[in-house]
Amino acid sequence: QKEVEQDPGPLSVPEGAIVSLNCTYSNSAFQYFMWYRQYSRKGPELLMYTYSSGNKEDGRFTAQVDKSSKYISLFIRDSQPSDSATYLCAMSAASYDKVIFGPGTSLSVIP
Amino acid sequence: GAVVSQHPSWVICKSGTSVKIECRSLDFQATTMFWYRQFPKQSLMLMATSNEGSKATYEQGVEKDKFLINHASLTLSTLTVTSAHPEDSSFYICSAPRPDRGNQPQHFGDGTRLSIL
């Protein structure tokens, strides 16, 4: 079993739709949970991060962490074509520790 | 602005040559840096942990004699791909935790795209 599982997609939605991206993990030591967006041929861009369980909202993005289920989610409201990218969930046991990435989900938002 | 800088951003070289990639922390000291590799349409995979003042630790399956890591100072780590071959063509990305910022996520460089002909 991989440490972090994520549906690779591709996921295609119409503009304005709500997008739900999810990851599961197996290592209960993970405390930091991140979502990165990556455009083709670019480095990962941090979107959201959460420490331990809970929800966090930033504009159109909401991140949720359920440590009891080892399940994290990213919701994108009012999706835009510019949101088309690969979304990587990532997690680590400590802020100074190595980051383990999920496989990434390819998202296309169709105008 | 960027707090972790990688150089070069893109390099093309012939098979058999060695290539050095630099990762710098711009306004903080990084005793640890991480090196990742990303093949096309795949996720980032940790290659090694670079430690200032000691040897790097490598993930299983990563050849330490091929991927030489030197953490030369508290702001610089280098990854040298020795005798590079086409299968080493990939996107190499470094990251650095920032100890002075507590529970903040790490900063990633913009990556180096390596193409071996």
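Anything mentioned here points back to the structure above.
Heads up: these notes are all about the structure in this document. (Residues numbered from 1 in each chain as written. Chains lettered and ligands numbered in written order. Predicted model: local features only at pLDDT ≥ 70, side-chain atom pairs only at ≥ 80, totals over all residues. Heavy atoms only, no water.)

Regarding the overall build of chain B
Rules: Runs of E in the DSSP output that reach at least two residues are strands. Runs of H or I that reach at least four are helices, and both are numbered from the N terminus. Values of the radius of gyration come from C-alpha atoms, whereas the globule rule sets the reference at 2.2 Å times the count of residues to the power 0.38. Any residue under 20% of the maximum accessible area for its type is buried, any over 50% is exposed, and the rest in between are partly exposed; the area is computed with a 1.4 Å probe on protein chains only. What makes two residues a contact is simply this: any of their non-hydrogen atoms within 4.5 Å. Surface accessibility in these figures is a Shrake-Rupley result with a 1.4 Å probe; residues are shielded only by whichever protein chains are displayed.
Scanning chain B from N- to C-terminus turns up zero helices and 11 strands. Ordered by position from the N terminus, the helices and strands of chain B form the series β-β-β-β-β-β-β-β-β-β-β. Whereas a compact globule of 117 residues would reach a radius of gyration of roughly 13 Å, chain B reaches 14 Å, a difference of no more than 12%. Here chain B holds 117 residues, and 51% of them are scored as buried. Across chain B, contacts joining residues at least 24 apart in sequence account for 54% of those joining residues at least 6 apart. Roughly 5,900 Å² of accessible area belongs to chain B as shown, and the carbon and sulfur atoms make up 50% of that amount.

Details of the state of the cysteines
Note the threshold: Only a pair of cysteine sulfur atoms within 2.5 Å counts as a disulfide in this structure description.
Using the criterion set out here, one finds two disulfides over all chains in the structure. Across the disulfide from Cys23(A) sits Cys89(A); the S-S distance is 2.0 Å. What sets the handedness of the Cys23(A) and Cys89(A) disulfide is the S-S torsion sign, and at about -100 degrees it is left-handed. With Cys23(A) in strand β3 (residues 19-25) and Cys89(A) in strand β9 (residues 85-92), this pair connects stretches of sequence that are 66 residues apart. When sorted by exposure, Cys23(A) lands in the same class as Cys89(A), which is buried. With its sulfur 2.0 Å from that of its partner, Cys23(B) forms a disulfide with Cys94(B).

Some remarks on the side chain of Lys66(B)
The residue Lys66(B) is located in the loop between β6 (57-58) and β7 (67-73) in this model. Using a relative accessible area of 12% as the deciding quantity, one classes Lys66(B) as buried.

Side note on the sheet that holds β7(B)
Residue and element names in this part refer to chain B. Note the cut-off: For two strands to be treated as a pair, DSSP must find no fewer than two bridges joining them. Comment: axis = line fitted to C-alpha atoms, over the contacting stretch for helices; angle = value between 0 and 180 degrees taken between N-to-C directions.
With antiparallel pairing, four strands are arranged side by side in an open sheet as β1-β3-β8-β7. What marks the edges here is a single partner per strand, and that holds for β1 (4-7) and β7. Within the sheet, the average angular offset between the axes of one strand and its neighbour, ignoring direction, is 15 degrees. Of the strand pairs in this sheet, strand β3 (residues 19-25) and strand β8 (residues 76-81) are connected by six bridges, and their pairing is antiparallel. Bridge assignment links Glu22 to a residue of β8, and that residue is Thr78.

The values reported here are purely geometric and, on their own, carry no functional implication.
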